[in-house]
Amino acid sequence: MNKKKLQSLLESVAAGTTSTAEAYESLLGLPFESMGFATVDHHRALRGAFPEVIFGQGKTTEQILAIAHRIVAYGDPVLATRLSEHAGLALLERSP
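Residues numbered from 1 in each chain as written. Predicted model: local features only at pLDDT ≥ 70, side-chain atom pairs only at ≥ 80, totals over all residues. Heavy atoms only, no water.

A. Molecular detail of the side chain of glutamate 33. For glutamate 33, the location among the structural elements is in strand E1 (residues 32-34). Within polar-contact distance, the side chain of glutamate 33 engages the side chain of histidine 42 at 2.7 Å. For glutamate 33, the contacting residues outside a window of four places in its chain are Ala38, Thr39, Val40, His42, Arg70 and Tyr74. (Helix = DSSP H or I, 4+ residues; strand = E, 2+ residues; numbered from the N terminus. Polar contact = N/O pair within 3.5 Å; in protein donor to acceptor, adjacent residues only side chain to side chain. Contact = heavy atoms within 4.5 Å.)

Right under this line is the structure:
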C-alpha cells in the first residue's frame, strides 16, 4: 500500500463508501505479513521506499510466486532479484 492508496481508503471510509470492517481487512497485513518462509513488508512504499523486493536466491518457484501474489494483492509492483531462469519465466507468465 502506498500513500495515495492509504489516503483514498481513509477518504472512502469518511465518505461512507467503505465500511470500517472493509478498511480493517485492507490494513491487516500492514506493516508486515509473515508467510512462514518469508516476511513481506507491505509498509515500504508508505515509508517512501520502493515496495517490497523479492530476493529469489534459495526460494522455490512456488514461494516466489506466492510472495509476488501477496505483493500484487496490496496493489504494489513486483521486483524480484536473483531468480533462476525457471522462476523468472514462471513469474513473468503469472505477473507480466
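B. Inspection of the environment of glutamate 62 at higher detail. With respect to the helices and strands, glutamate 62 occurs in helix H3 (residues 61-73). Using a relative accessible area of 57% as the deciding quantity, one classes glutamate 62 as exposed. Remark: the alpha-carbon pair of glutamate 62 and leucine 91, spanning 29 residues in sequence, is separated by 9.6 Å. (Buried < 20%, exposed > 50% of the residue type's maximum accessible area, 1.4 Å probe, protein only.)

C. Spatial organisation of unusual backbone geometry. Phi is positive for arginine 82, close to 55 degrees, though the residue is something other than glycine. With respect to the element layout, arginine 82 can be found in the loop between strand E4 (79-81) and helix H4 (85-94).

D. Here's a closer look at the packing of H3 against H4. At a minimum axis separation of 9 Å, H3 and H4 run at an interaxial angle of 35 degrees. Read as a crossing pair, H3 and H4 show a hand that is right-handed. Residues Thr61, Ile64, Leu65 and Ala68 of H3 touch H4, and the partners they reach there are His86, Ala87, Ala90, Leu91 and Arg94. Class assignment of the residues belonging to the contact of H3 with H4 gives a composition of 6 nonpolar, 2 polar and 1 charged. (Axes fitted to C-alpha atoms, helices over the stretch in contact; angles between N-to-C directions. Left-handed = near helix turned anticlockwise from the far one by under 90°. Nonpolar A, V, L, I, M, F, W, Y, C, P; charged D, E, K, R; others polar.)

These values are about where atoms sit, not about what they do.
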